[in-house]
Each structure stands twice: as C-alpha cells, then as structure tokens.
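Next come the chains, spelled out residue by residue.
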Amino acid sequence: MSNGYDGKERFAMGTESGTASTSMNSIKFKEKKGIFLTWPVAILLALLVIGCLVAVGLIVAYTKPMCNTAAPGEAERLRATISKTDKDHPDSAGVPEPEETSTSSTKSRVKDVRLPSSLLPIHYNVELRPNLDPTVFMFDGSVAILMECTSPTDNVTLHINKLKVSNEILWSDDHDGKPSPKIKRTDFDKARQFIIFKLDGTLQPGKKYWVGMNYSGELAEDLTGIYRSKYTTSSGETRSVPISY
C-alpha cells in the first residue's frame, strides 16, 4: 500500500511539474517601447524650454510700440494736419507756415522738415575757416548755392542751425541782363531749422539763380554739424580738430 500511494504521489507531482514547465516555456515577455530619458537629460531639456519662454517674453516686452498719452486737443490737431491739402504743404511756392507751438508743458514734435520743392540745388561753393584758438573756438566762411527754379516762388528757404548769417544776396545765372528779385527780408522757422529769404519778386521756372551769404558759428563739442573734437599725440599733447559729418 505504501508503495502504491507513493507512486501515485510521485506521478501527480511529476505531472504538475511538467505542466508548470510547459506553461513557463509558453509565456513571452514583451519589451517596452518608447523613448526613455535619464534624469540629467530631462532636467536639461526643461531648463531649455524655460529659457526660450523667458527670451520670448523679453522680446515681446521690449519691441512692442510705446503708447504715450496724447495732450488735450492733440487728436483733433493731428486729424486737422492729416486733412490739409497740398496747398498747405511746405512744398508749395509760398513761405512754409511755422508749426504751432503747444501751450502745454510738452512741446509739439515737428513732423515735416523738408524744404520746398520749388528750388532744386545744383552746385555749392563753400568756404570754411575754423579758428582753433582755445580762447575763440569759432568758425566762419561763405557759401554760394546755384539753384534751378521748378515752380514760381517768392522765397528761398534753406536749412540752418546755430549760425549767424550776413550779406545775403540773390542773383540770376542767366546773364540776360534782366534784374532778378532781391532779398527784402529774412525770416526764421526755428522749429524746422529754416532760414527764409523773402523776395521782392517771383522767381521763374526754368531759370537758374545763385544765393550767397557769409556765416559764422561756435566750434562746440556738440557732435552737430561742424564741431570740435580732441586727440592726444604720441608725446602726450592734447590737440583740437574740426570735424563734420
């Protein structure tokens, strides 16, 4: 009896063992798919994303238009300026109208500093004499400008800044014996930096005219027009030199 019982037990165990072995052989483990990052790489990518977001925010903040609060009545004044016709533009034959000055604490910005198109400059004769004496630092000279008249006008308008002018004169380049208009008055538009020679007659289209004058000004260190700069020689001496750009 004992031998038979033991045999059955061994047979049963052997059967179970074989079943387990067969089951283990039939099981297949699937490999995980995807991209796996290590912690250092993940942290580095996160820092890069944060840096890009900060950079975009700074670019947007510093490149967006600046909005200034308009002064009382500024919107109406701008609309009136935009709606002006060509006859009110400085390119007309008449003297350009000076910009209206603001009564508020903030000055109105000049929007158009172009010269009238009634005269076209052709040639300049310029004489410049700088005085580098440290007790003086001035310059003076003369200029003659040849211009062609493109439309009738009774003024000659030029740009000027921080200069004193004298001996203004206008004459014709045609040599036809006919008298040319004379300068009867000199006006200034400081907002546009204009000097306006008002004539006693009208310049004719197609004719050429000369306008001449003497001028003088301070040779300052203001980096504007003709100004004064310094340099040091190899011996340590400081010298001044006139510069223009």
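Residues numbered from 1 in each chain as written. Predicted model: local features only at pLDDT ≥ 70, side-chain atom pairs only at ≥ 80, totals over all residues. Heavy atoms only, no water.

K.L.:
Sorry, what's going on with the nonpolar core here?
P.N.:
Most often, soluble globular proteins have nonpolar side chains that are buried together. Grouped together as the largest cluster of nonpolar side chains are 21 residues, with contacts concentrated most on Val156, Leu170, Leu203 and Val211. Secondary structure elements with two or more residues in this core: strand E2 (138-149), strand E3 (153-159), strand E4 (164-172), strand E6 (194-203) and strand E7 (208-218). It is E2 that contributes the most residues to this core, five residues altogether. Those residues in contact with Leu170 that sit more than four places away from it in its chain are Met147, Val156, Ser180, Pro181, Lys182, Ile183, Leu199, Leu203, Tyr209, Trp210 and Val211. (Core = buried A, V, L, I, M, F, W, Y, C linked by side-chain atoms within 4.5 Å. Buried < 20%, exposed > 50% of the residue type's maximum accessible area, 1.4 Å probe, protein only. Helix = DSSP H or I, 4+ residues; strand = E, 2+ residues; numbered from the N terminus. Contact = heavy atoms within 4.5 Å.)

K.L.:
Please clarify how the packing of aromatic side chains should be interpreted in this entry.
P.N.:
The geometry of two aromatic rings is summed up by the distance between their centres and the angle between their planes. As enumerated under the stated definition, the model contains two aromatic pairs in all. With 6.0 Å between their ring centres and 5 degrees between their planes, Trp171 and Trp210 make a pair best called stacked. Of this pair, Trp171 sits in strand E4 while Trp210 sits in strand E7, placing them 39 residues apart in sequence. A residue is classified by how much of its surface remains accessible, and Trp171, at 33% relative accessible area, is partly exposed. Taking relative accessible area as the criterion, Trp210 reaches 13% and is therefore assigned buried. Across the ring face of Phe137, the terminal group of Arg228 is positioned such that the distance to the ring centre comes to 3.8 Å. (Phe/Tyr/Trp six-rings, centres within 6.5 Å; stacked < 30°, edge-to-face > 60°. Lys NZ or Arg CZ within 6 Å of the ring centre and 35° of its normal.)

Everything listed here is a matter of coordinates, which is why it stays silent on function.
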